[in-house]
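If you want the building blocks of each chain, they are given just below.
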Amino acid sequence: MSQKNQTLGEFIIEHQSSFKYSSGELSRLINSIRLAAKVVNYEVNKAGLVDILGAAGDTNVQGESQQKLDVYANDKFIQMLTNRNIVCGIASEEEDHFIAINSNDKNHQNKYIVLIDPLDGSSNIDVNVSVGTIFSVYRRVTDVGTPVSLDDFLQKGSEQVAAGYIIYGTSTMLVYTTGDGVNGFTLNPAIGTFYLSHPNMQFPKNGKIYSVNEGNYIHFPQGIKDYIKYCQMEEGDRPYTSRYIGSLVSDFHRNMIKGGIYLYPKSSKTSEGKLRLLYECNPMAFLAEQANGKATNGVQRILDIQPTELHQRVPFICGSTNMVEDVEAFIKATQ
Ligand code: AHM
Ligand code: MG
């Protein structure tokens, strides 16, 4: 039985058999993400020492050149997943093309592919504000033992077998789902262990927080403008509170705990919004649904969208179910 203070390692072992395709491979995959998270966390936490240790592009005291943190995070996650021979393919926000692993080895039995945004919201790093890693896991659709193809990556979000994020905040947390609810683990940095701190996370059905870049207001479609005005109106439990960190993981995490909605709509500047379907929206949508929340592009469930490109963008509206349904109603009313 899961209990608070259980370590992530113990939790993974305990839940391995409840996973329907259980073979230990997914557990090893989550374990390697856990390890990469600790390594990246260590580096992210040093970011404030940049004046002392040297900025990206400089050479540090050991003579090593300093990498930008998003590049560093990308390298670490790819390295951990590749070296441990766990997955057959990886796609990343930082890479133009997907990476096929051991594509010439016919005995290669790995079934899983991972899509990752290694360091999302990285413009926040220079100012000591939370950032995150987002990951999404699928079973390949092509045959085991053959090289992975784009089809393996262009699956609907509803096919995900696991998804999660790491938030590098006031404390570092790993939050993930394998389709059986959402659990959050907090890192004890003194001993480098993640502990179950937030079992069975749930979005409250209603919330009072809306998170959107209101600087883009004049460019938003009428339905979104109407919803924002509705949030600000003095009536019932409104006005709602506006909170926008500019770091999807952090805004989502707060909204899941307190109740709220995150919006990155399309606009007259960006016809498909900004966020990427495969490694930003789909994993967050899977988590949201597993936590009793909802995620839509305004008219369609995010997890039902058939991807056509690796780096495809979609409008993204996600959070407490009643709030997301309110936005959908406002959009519908203008169509
Ligand atoms: P990134 O992948 O370049 O970091 O962009 C994604 C981030 C999200 O984390 C965040 O919610 C959003 O971009 C903020 O964008 P904006 O500054 O346009 O409001
Ligand atoms: Mg990103």
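Student: I keep staring at the overall build of the protein chain and nothing clicks. Help me out?
Tutor: Summing up its helical and strand segments, the protein chain has nine helices and 13 strands in all. For 335 residues, the compact-globule formula gives about 20 Å, and the C-alpha radius of gyration of the protein chain, at 20 Å, lands near that figure. Projected onto its principal axes, the C-alpha positions of the protein chain cover 60 × 50 × 45 Å. Within the protein chain, the fraction of its 335 residues that count as buried is 52%. In the protein chain, the share of contacts with a sequence separation of at least 24, taken over all contacts with a separation of at least 6, comes to 65%. One finds the centroid of the 30 positive side-chain charges in the protein chain at a distance of 3 Å from the centroid of its 36 negative side-chain charges.

Student: For this particular structure, what's the right way to read helix α8 (residues 277-290)?
Tutor: Within an α-helix, residues lying three or four positions from one another point in the same direction, as the helix has 3.6 residues per turn. For α8, the tally of buried residues reaches 12 of 14 residues, placing the bulk of the element in the interior. Just downstream of α8 lies Asn292, where phi reads positive at about 75°.

Student: Would you take a moment to explain the coordination of the magnesium ion (ligand 2) for this structure?
Tutor: For a metal with four tetrahedral donors the ideal donor-metal-donor angle is 109.5 degrees, whereas six octahedral donors ideally subtend 90 or 180 degrees. Protein-derived coordination of the magnesium ion (ligand 2) comes from Glu93 (OE), Asp117 (OD), Asp120 (OD) and Glu280 (OE), at a distance range of 1.9 to 2.4 Å. Here the donor residues of the magnesium ion (ligand 2) share one chain and are spaced in sequence as E-x23-D-x2-D-x159-E. Linking Glu93 in the loop between β1 (89-92) and β2 (99-100) with Glu280 in helix α8, this pair joins segments that are 187 residues apart in sequence. Glu93 sits in the partly exposed class, given a relative accessible area of 30%.

Student: Looking at this model, I keep getting lost on the sheet that holds strand β4 (residues 131-139). Mind explaining?
Tutor: The strands making up a sheet are joined through hydrogen bonds of the backbone, oriented either antiparallel or parallel. Taken together, the eight strands give an open sheet; going across it, the order is β2-β1-β3-β4-β5-β6-β7-β8, and neighbouring strands pair in mixed fashion. Because the sheet does not close on itself, it has two edges, and the strands there are β2 and β8 (193-198). One ladder, built from seven bridges, connects β4 with strand β5 (residues 162-168); its direction is antiparallel. Looking across to β5, one finds that Ile134 is bridged to Tyr165. The sheet contacts of α8 involve β1, β3 (112-120), β4, β5 and β6 (172-177), and relative to β4 the element is tilted by about 85°.

Student: What exactly am I supposed to notice about the nonpolar core here?
Tutor: Buried together is how nonpolar side chains tend to be arranged in soluble globular proteins. Ranked by internal contacts, the top residues of the largest apolar core, which has 42 residues, are Leu115, Tyr165, Phe252, Met256, Met284, Ile302 and Phe316. Residue assignment for this core shows that the elements contributing at least two residues are β3, β4, β5, β6, α7 (248-258), β11 (260-264), α8 and β13 (316-319). Per-element accounting of this core gives the leading share, nine residues, to α8. When residues of this core are sorted by domain, at least three fall in each of domain 1 (8-198) and domain 2 (209-333). The residues contacting Ile302, other than those within four sequence positions of it, are Leu277, Cys281, Asn282, Ala285, Ala295, Thr296, Asn297, Val314, Pro315 and Phe316. Residues Ile30, Ile78, Ile116 and Tyr176 belong to the second largest nonpolar core, which totals 41 residues.

Calculation notes
- Residues numbered from 1 in each chain as written.
- Chains lettered and ligands numbered in written order.
- Predicted model: local features only at pLDDT ≥ 70, side-chain atom pairs only at ≥ 80, totals over all residues.
- Heavy atoms only, no water.
- Helix = DSSP H or I, 4+ residues; strand = E, 2+ residues; numbered from the N terminus.
- Rg over C-alpha atoms; globule rule 2.2 N^0.38 Å.
- Buried < 20%, exposed > 50% of the residue type's maximum accessible area, 1.4 Å probe, protein only.
- Contact = heavy atoms within 4.5 Å.
- Lys, Arg positive; Asp, Glu negative; His and termini not counted.
- Charge placed at Lys NZ, Arg CZ, Asp CG, Glu CD.
- Donors = N, O, S within 2.8 Å, 3.2 Å for Na, K, Ca; no water.
- Pairing = 2+ DSSP bridges.
- Axes fitted to C-alpha atoms, helices over the stretch in contact; angles between N-to-C directions.
- Core = buried A, V, L, I, M, F, W, Y, C linked by side-chain atoms within 4.5 Å.
- Domains from an automatic or database assignment.

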